[in-house]
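Overview (structure and organization)
The chain contents come next:
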Amino acid sequence: MQIKQPEDFLSRHRTIKHNHLYLVDDFQGNITYQNTSGMGLYHLDTRFLSCFEIKLHGTDPIPLLSSTEMGFMSTIVFTNGPIETTTEAGKPILLNPESIQLKRETVLYGLQFERYWLISYNPEPIYIELSFTFDADFKDMFDIRGIVSQERPAYRPAMLDTSGQNPVLIFSYKDRSERNLQTGIRFVDLPPELVDGAPVATVVYRTLLRPREPFNFNYEIQTVINDRLMNAGTIEADVSTMDEALEQLNFRSRKMHMDTAVFVSDNEDFNEMMSRNQKDMSMLMTHTDEGSYVAAGIPWYVALFGRDSLITSRFALPFNPLIAKESLKILAKYQGKETNPMRDEEPGKILHELRVGELARLGEIPHTPYYGSVDATPLFIITLYEYFLWTGDRDLLCELWPHALKAMEWIDHNLKQHPLGFSTYRTMCDRGILQQGWKDSHDSVMDDLGVIGVPPIALSEVQGYVYMAKHRLGRLADVMEERELRQKLRHECQDFRRRFNKDFWMDELEYCAIALDEAGKPFRVVSSNPGHCLETGIYYDGQAAKVMNRLMSADMFNGWGIRTLSSNTVAYNPMSYHNGSIWPHDNAMIARGFAAMNRSDLVERIFAGLFESARHMHYRRLPELFCGFRKEEGKEGDPPVRYAVACSPQAWAAASMYSLIQSMLNLSPDALRKSLSIRSPQLPPFISYLQINNLRVGQSVVDLDFRRSNNQVVTVDVRNRQGDLDILVAL
């Protein structure tokens, strides 16, 4: 059953992106003047366009269609409301609504291409005026987010440069790091009239529209740093027109489609959601001179993040293992080399976040890069291991093996900082992040009275990651023929597991603590964090069963998904960032643990909840998070409540469904042994047939069909197999 879009759809922001260049605007394609909601055209952590407003004869055109379906392109079709104008003969006329069609196309490919068509269906010629208002504030993203207030040099009014073949409207700014930034709006076909240049610039096209004779024109928006057009190094081929840009972008899209697994079912909503995920993963991929990575999310986190890149890469391994390869390589390049308190850097540590804007260049934020993440380092080892399982890529394993060993050295050093030998965090930087797990808001760790935890803190899920990293590095040590290291890590795992289950378990709550404080005292609240430990194998069986049951109780599972914090907790707030909201990636991570514990029934409930949530979202796109209000049973049209400033698209949300599919089907690759195991695969009730095409394991490619039979058993058919791959099925 199709679900209507939520009523607030028209107020939602739209996003398109190509590499570092991305655009955030509203349903009408406008960027509101002096907006505080993050709208703008961005490049390299800087807002190069802070205002864009279009007027049709002094009125707001009415959007009939507003689409960003492709991720790199926007199409808007407008019409008019009542307009007072004149005919060719000079006669005043009140133009009827819906007499004019205005079509706007926007494409990002190194720069912003714009194309307009204006057509009149009025029976006699009429004069029409089309105006555009622009502004560029060149603000740093951290200033826009309100994290750091940015000192600003004096404002420079816009200037219309008519010295070249095409007039260019130029906004200029010399920042405090002595960089000269410019936004250039180049009018390719027809020169407009500049009406005003301060505080915003308005240009006007005036034309006589004859019936059904189109008036069209193009312009381009360029970002320039120190007189260098910033499309260099960010595009695959030089282009000079929108059509050439579209040709390159469509070619890249087709190529990525050929290199990735495709998931098709008998449920059209599911197919639309998976198609959206594929496009979002493609949109978020970012290519630089240092390598490629998947940006964390739009609009706030179009940057390299350690934790986000690694979790997204793990989830996306069935979709495209190359994402993990590229992420691992670029994170290895930035691996910590020294102890630098200003950046929370330590040797072997994997970065948290890299920024390149004005505030980073001036050292007013520590993100150059910043290393304040306690979980990215063990996740680096885990992701390397799982990438190797899917690909058998010995070359990359050998290349990154020294980095994996350095990562483990940092983990072991970090364990020694806690009296009980657990992995902890505490910032050394006065501008660092207080809480350094994936729940990194300042109030995300608390006790049963709601008192916020003060670092050093040992998070439960991080201990699971550490245990898993040691276990997986031990397996890789076998491949690298380092037997002594394998034996050492095996003993460490046994001891670490015993201590974890003793110190983190809360007998009175029959649950695992969210964290321990510096003295080893547990924070006695029920949260989603311990759910991440299920797939790591760190729990004893009895404790794992209790954790699973508690996660699916009514105060945690609300029908849409598992909340980050129990609704029985003092600090619970379903509209908060981390204290009661629902995060798709959090649920997908927990579902991996359910699958590891042979609880496919619980995986199915998570899958169904998130799928139902996505059906209510625009483009069937799961956002970064949404509010934790309970789903009202029987109210089909009552959607999940959105979180106002969630990133959408967001990388690990887009990748979550790939992980959930792997958990539902119990796919276990082993490229080294040239095998793919499928154990007791399940399909959710809303899917009877699932086809996976172009699934890659090592050098082999396979197409698989999963079908629910009349007795509810899911059967597996191998439709196509290229290469030497054993497919082991246990129904």
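Below you will find a few notes about this structure. (Residues numbered from 1 in each chain as written. Predicted model: local features only at pLDDT ≥ 70, side-chain atom pairs only at ≥ 80, totals over all residues. Heavy atoms only, no water.)

**Some points on the overall build of the chain**
- Check the secondary structure of the chain and you find 14 helices and 34 strands.
- In terms of overall dimensions, the chain is globule-like: its C-alpha atoms have a radius of gyration of 27 Å, near the 27 Å expected for 731 residues.
- Principal-axis analysis of the C-alpha atoms places the extent of the chain at approximately 90 × 65 × 50 Å.
- Across the 731 residues of the chain, 62% fall into the buried class.
- In the chain, the proportion of contacts linking residues at least 24 apart, taken out of those at least 6 apart, comes to 65%. (Helix = DSSP H or I, 4+ residues; strand = E, 2+ residues; numbered from the N terminus. Rg over C-alpha atoms; globule rule 2.2 N^0.38 Å. Buried < 20%, exposed > 50% of the residue type's maximum accessible area, 1.4 Å probe, protein only. Contact = heavy atoms within 4.5 Å.)

**A look at the packing of aromatic side chains**
- Across all of its chains, the model carries 33 aromatic pairs by this definition.
- An angle of 85° between the planes, with centres 6.2 Å apart, marks the rings of Phe-132 and Tyr-205 as edge-to-face. Pair noted here: Phe-132 is in strand β12 (residues 126-135) and Tyr-205 is in strand β17 (residues 201-209), with a separation of 73 residues, a long-range link.
- For Tyr-205, a relative accessible area of 4% puts it in the buried group.
- Their ring planes at 20° and their centres at 4.5 Å tell us that Phe-319 and Tyr-658 sit as a pair that is stacked. With Phe-319 in the loop between α4 (306-315) and α5 (321-333) and Tyr-658 in helix α14 (residues 651-665), this pair connects stretches of sequence that are 339 residues apart.
- Judged by its relative accessible area of 1%, Phe-319 falls in the buried class.
- A network of ring pairs unites the aromatic residues Phe-52, Tyr-116, Phe-132, Phe-134, Phe-187, Tyr-205, Phe-215, Phe-217 and Tyr-219 as a single cluster.
- Positioned above the aromatic ring of Trp-117, the side-chain terminus of Lys-103 is 5.3 Å from the ring centre.
- Seen from the ring of Tyr-619, Arg-276 lies directly overhead, with NZ or CZ sitting 5.1 Å from the centre. (Phe/Tyr/Trp six-rings, centres within 6.5 Å; stacked < 30°, edge-to-face > 60°. Lys NZ or Arg CZ within 6 Å of the ring centre and 35° of its normal.)

**Considerations on the pairing of strand β18 (residues 215-225)**
- Most of β18 is tucked away: nine of the eleven residues are buried.
- Two elements, strand β11 (residues 112-120) and β18, share seven bridges in a ladder whose sense is antiparallel. Residue pairing across strands places Phe-113 opposite Glu-220, the latter belonging to β18.
- Across seven bridges, the pairing between strand β15 (residues 180-187) and β18 is antiparallel. By the bridge assignment for β18, Ile-185 is matched with Ile-221.
- Bridging between β18 and strand β19 (residues 228-229) involves two bridges; their strand directions are antiparallel. Each bridged residue has a counterpart across the sheet, and for Val-224 the counterpart in β19 is Leu-229. (Pairing = 2+ DSSP bridges.)

**Description of the pattern of salt bridges**
- Enumeration over the complete set of coordinates arrives at 52 salt bridges.
- A salt bridge links Lys-103 to Glu-105, with the shortest nitrogen-to-oxygen separation between them at 3.6 Å.
- With a relative accessible area of 25%, Lys-103 lands in the partly exposed category.
- According to the relative accessible area criterion, Glu-105 is buried, its value standing at 9%.
- Here Arg-673 and Asp-670 are joined by a salt bridge, their closest N and O atoms 2.9 Å apart.
- Note on Asp-670: relative accessible area 15%, which makes it buried.
- One salt-bridge network, held together by shared partners, links Glu-69, Arg-276, Lys-279, Asp-280 and Arg-621. (Salt bridge = Lys/Arg side-chain N within 4 Å of Asp/Glu carboxyl O.)

**Some details on empty space enclosed by the protein**
- All chains considered together, the criterion is met by three cavities of 30 Å³ or more.
- Roughly 60 Å³ of volume is contained in the largest cavity.
- Taken together, Lys-17, Met-70, Gly-71, Phe-72, Arg-252, Ser-253, Lys-279, Ser-282 and Met-283 make up the full set of residues lining the largest cavity.
- Secondary structure elements with two or more residues in the lining of the largest cavity: α2 (242-259) and α3 (268-284).
- Per-element tally for the lining of the largest cavity: the top contributor is α3, with three residues.
- Classifying every residue of the lining of the largest cavity by side-chain character gives three nonpolar, three polar and three charged.
- Estimates place the volume of the second largest cavity at around 50 Å³.
- Lining the second largest cavity are Phe-270, Phe-607, Ile-661, Met-664, Leu-665, Leu-683, Pro-684, Ile-687 and Leu-690.
- Per element, the largest residue contribution to the lining of the second largest cavity is three residues, and it comes from α14.
- By residue class, the composition of the lining of the second largest cavity is nine nonpolar, no polar and no charged. (1 Å grid on protein atoms, 1.4 Å probe; cavity = no way out; pocket = protein on both sides within 12 Å on 5 of 7 lines; lining within 4 Å. Points joined across faces, edges and corners; volume = space filled by probe spheres on them. Nonpolar A, V, L, I, M, F, W, Y, C, P; charged D, E, K, R; others polar.)

**Let's talk about the sheet that holds strand β2 (residues 21-25)**
- Here four strands make up an open sheet; going across it, the order is β1-β2-β3-β4 and the pairing antiparallel. Two strands close off the open sheet at either side, each with one partner strand: β1 (14-18) and β4 (46-49). Looking at each pair of strands side by side, their axes are set apart by 25° on average, direction ignored.
- Pairing analysis gives three bridges linking strand β3 (residues 40-43) to β4, with the strands arranged antiparallel. The residue bridging His-43 from the neighbouring strand is Thr-46, located in β4. (Axes fitted to C-alpha atoms, helices over the stretch in contact; angles between N-to-C directions.)

**Notes on the environment of Leu-102**
- Looking at the secondary structure, you find Leu-102 in strand β10 (residues 100-108).
- Sequence separation between Leu-102 and Phe-78 is 24 residues; the distance between their C-alpha atoms is 4.9 Å.
- Once residues within four sequence positions are removed from consideration, Leu-102 is found in contact with Ile-54, Ile-76, Val-77, Phe-78, Tyr-116, Trp-117, Leu-118 and Leu-130.

**Observations concerning α3**
- Compared with an ideal rise of 1.5 Å per residue, which puts 17 residues at 24 Å, α3 spans 24 Å between its outermost C-alpha atoms and is within 8% of the ideal.
- The element α3 is largely enclosed, with a buried count of 13 among its 17 residues.
- The N-capping residue of α3, defined by a side-chain oxygen 3.0 Å from the backbone nitrogen of Asp-269, is Asn-267. (Expected span 1.5 Å × (residues − 1). Polar contact = N/O pair within 3.5 Å; in protein donor to acceptor, adjacent residues only side chain to side chain.)

**Thoughts on the packing of α4 against α14**
- Interaxial distance between α4 and α14 falls to 8 Å at its minimum, and their mutual angle equals 25°. By the criterion of interaxial angle, the relationship of α4 to α14 is roughly parallel. Judged by the sense of rotation from one axis to the other, the crossing of α4 with α14 is left-handed. Contact with α4, carried on its side by Arg-307, Asp-308, Ile-311, Thr-312 and Phe-315, involves Ala-651, Trp-652, Ala-655, Ser-656, Tyr-658 and Ser-659 of α14 and no other residues of that element.
- Residues belonging to the contact of α4 with α14 are distributed by class as follows: six nonpolar, three polar and two charged. (Parallel < 35°, antiparallel > 145°, perpendicular 65-115°, else oblique. Left-handed = near helix turned anticlockwise from the far one by under 90°.)

**Looking at the sheet that holds strand β34 (residues 726-730)**
- Here three strands make up an open sheet; going across it, the order is β29-β30-β34 and the pairing mixed. Every other strand in the sheet has two partners, leaving β29 (667-670) and β34 as the edge strands with one partner each. Adjacent strand axes in the sheet meet at a mean angle of 15° when their direction is disregarded.
- By the bridge criterion, four bridges tie β29 to strand β30 (residues 675-679) in an arrangement that is antiparallel.

**With respect to a nonpolar patch on the surface**
- A cluster of nonpolar side chains, namely Ile-62, Leu-64 and Leu-65, defines an oily patch on the protein surface of about 270 Å² accessible area.
- Looking at the secondary structure, you find Leu-64 in strand β6 (residues 62-67).
- According to the relative accessible area criterion, Leu-64 is exposed, its value standing at 57%. (Patch = residues over 30% accessible without salt bridge, like charges linked within 9 Å, V, L, I, M, F, W, Y side chains within 5 Å. Areas by Shrake-Rupley, 256 points an atom, 1.4 Å probe, with all protein chains shown as cover.)

Everything listed here is a matter of coordinates, which is why it stays silent on function.
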